[in-house]
Amino acid sequence: MNPKRKLLIIGGNEDKKENRVSIEDDNKNFSPYQILKLLVSHHDDRIEVITSASSEPESMRESYAETFSETGFTNVGYIHLSEENAGKYYNRIVAARTVFFNGGDQNRICKEIRETPITPLLIEKYIHEEGFMIAGTSAGAMCMPQHIICDALDEEAILENDLTLGSGLGLIKNCIVDTHFMNRGRIGRLAHAITMQRDCLGIGLGEDTALLIESGTHAVCRGSGMAVVLNPHNIQHTNCGSVEKGEPVFIDNIIMSMLTDGCRINLSSGQLENIQTLKNNCG
């Protein structure tokens, strides 16, 4: 069954009170708080911020509280979910219109939440509940797919065994998500990940950039930066999986799409959906 609700995956460092986006003076399409304004349709809708990815949840709370206040959101709660307290907060998740995972460590989110009743509850709400959204930034976006990058080197060369994949929350079935993508030079590790898991597209999200996913497959890019989609379906040659640990990996014929604000893509086919409209708007 295709989910009827929305996912918002953010590349990290989204525009908020204490974070001035570097490109905002040059990008004519820049809109303050553009991404965070997508979290709810009405300012009094309930947002529950899940701080489980962070080792300093109070600082995360302070970081977002002022921005949410300036944005006009009036109904925001903060939960540091864990295996031990999941039952205590279950009803708050039931009542939420948006659940937002902040950044930190994607492995921490999965360890604390994946085996609790919260994960099937999120999936149930995502599939069936009118107006519901699950959002995440940085590690909070990386944890959402079925397959996630648990650990990897940010090196120029791809080396065999330099990357570990694991199980995420299972909200996205056919994609692997990476964040801070251009800023931290992560194209190599995402290419390696999708070469290891060929049924997945790679979604590399730049900072202050998001994909808003509807119906499970249709996504639109939002924000001041760029999203990169890597498609492994036409890979012709690679030594990935056949070389010794520490030896360099090569990959031939990955397809790459570069999306900016307003670009739409079908995550099932990997095809952009509104090319002609965008071309016409560019004159």
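A brief report on the enclosed structure follows.

Looking now at the overall build of the protein. Along the protein, the regular secondary structure elements total seven helices and 17 strands. Computed over its C-alpha atoms, the radius of gyration of the protein comes to 18 Å, within 12% of the 19 Å expected for a compact globule of 283 residues. Dimensions of the protein along its principal axes, counting C-alpha atoms only, are 50 × 50 × 40 Å. Looking at the protein as a whole, 52% of its 283 residues qualify as buried. Across the protein, contacts joining residues at least 24 apart in sequence account for 75% of those joining residues at least 6 apart. A total accessible area of about 13,000 Å² is found for the protein, and carbon and sulfur atoms account for 44% of it. Taking the average place of the 26 positive charges on the side chains of the protein and the average place of its 38 negative ones, the gap between the two points comes to 6 Å.

Glancing now at the sheet that holds strand β15 (residues 255-259). What the four strands build is an open sheet, ordered β8-β9-β12-β15; its pairing is mixed. A strand with exactly one partner marks an edge of an open sheet, and here the two such strands are β8 (175-178) and β15. Here the average twist between neighbouring strands, direction ignored, is 20°. Summarising the sheet, strand β9 (residues 201-205) and strand β12 (residues 227-231) pair through four bridges and their orientation is antiparallel.

Another aspect to go through is the pairing of strand β4 (residues 98-101). Every regular strand shows the same layout, with side chains that alternate between the two sheet faces. Where burial is concerned, the two faces of β4 agree: the one with Thr 98 and Phe 100 and the one with Val 99 and Phe 101 are both buried. Inspection of the sheet shows strand β2 (residues 47-50) paired to β4 by four bridges, in the parallel sense. Opposite Val 49, over in β4, you have Phe 100 as the bridge partner. Across four bridges, β4 lies against strand β5 (residues 133-137) in parallel orientation. Bridge pairing in β5 places Phe 100 opposite Ala 135.

Moving on, we come to the layout of surface pockets. In this model, the largest pocket occupies a volume close to 360 Å³. In this structure, the largest pocket is lined by 24 residues; those nearest its centre are Gly 103, Gly 104, Ser 138, Ala 139 and His 180. Elements with a contribution of two residues or more to the lining of the largest pocket: α1 (57-71), α5 (139-142) and β6 (147-152). Counting residues per element, the lining of the largest pocket draws most heavily on β6, which supplies four residues. Taken together, the residues of the lining of the largest pocket sort by class into seven nonpolar, 11 polar and six charged.

Within this structure, the stated rule accounts for 13 salt bridges. The partner of Glu 112 in a salt bridge is Lys 111, and the shortest N-O contact between them spans 3.8 Å. Across the pair Arg 186 and Asp 154 runs a salt bridge whose closest N-O atoms are separated by 3.4 Å. Residue Arg 186 is found in the loop between β8 and α6 (187-196), and its partner Asp 154 is found in the loop between β6 and β7 (163-167); the two are separated by 32 residues along the sequence.

Calculation rules
- Residues numbered from 1 in each chain as written.
- Predicted model: local features only at pLDDT ≥ 70, side-chain atom pairs only at ≥ 80, totals over all residues.
- Heavy atoms only, no water.
- Helix = DSSP H or I, 4+ residues; strand = E, 2+ residues; numbered from the N terminus.
- Rg over C-alpha atoms; globule rule 2.2 N^0.38 Å.
- Buried < 20%, exposed > 50% of the residue type's maximum accessible area, 1.4 Å probe, protein only.
- Contact = heavy atoms within 4.5 Å.
- Areas by Shrake-Rupley, 256 points an atom, 1.4 Å probe, with all protein chains shown as cover.
- Lys, Arg positive; Asp, Glu negative; His and termini not counted.
- Charge placed at Lys NZ, Arg CZ, Asp CG, Glu CD.
- Pairing = 2+ DSSP bridges.
- Axes fitted to C-alpha atoms, helices over the stretch in contact; angles between N-to-C directions.
- 1 Å grid on protein atoms, 1.4 Å probe; cavity = no way out; pocket = protein on both sides within 12 Å on 5 of 7 lines; lining within 4 Å.
- Points joined across faces, edges and corners; volume = space filled by probe spheres on them.
- Nonpolar A, V, L, I, M, F, W, Y, C, P; charged D, E, K, R; others polar.
- Salt bridge = Lys/Arg side-chain N within 4 Å of Asp/Glu carboxyl O.

Nothing here speaks to function; it is geometry throughout.
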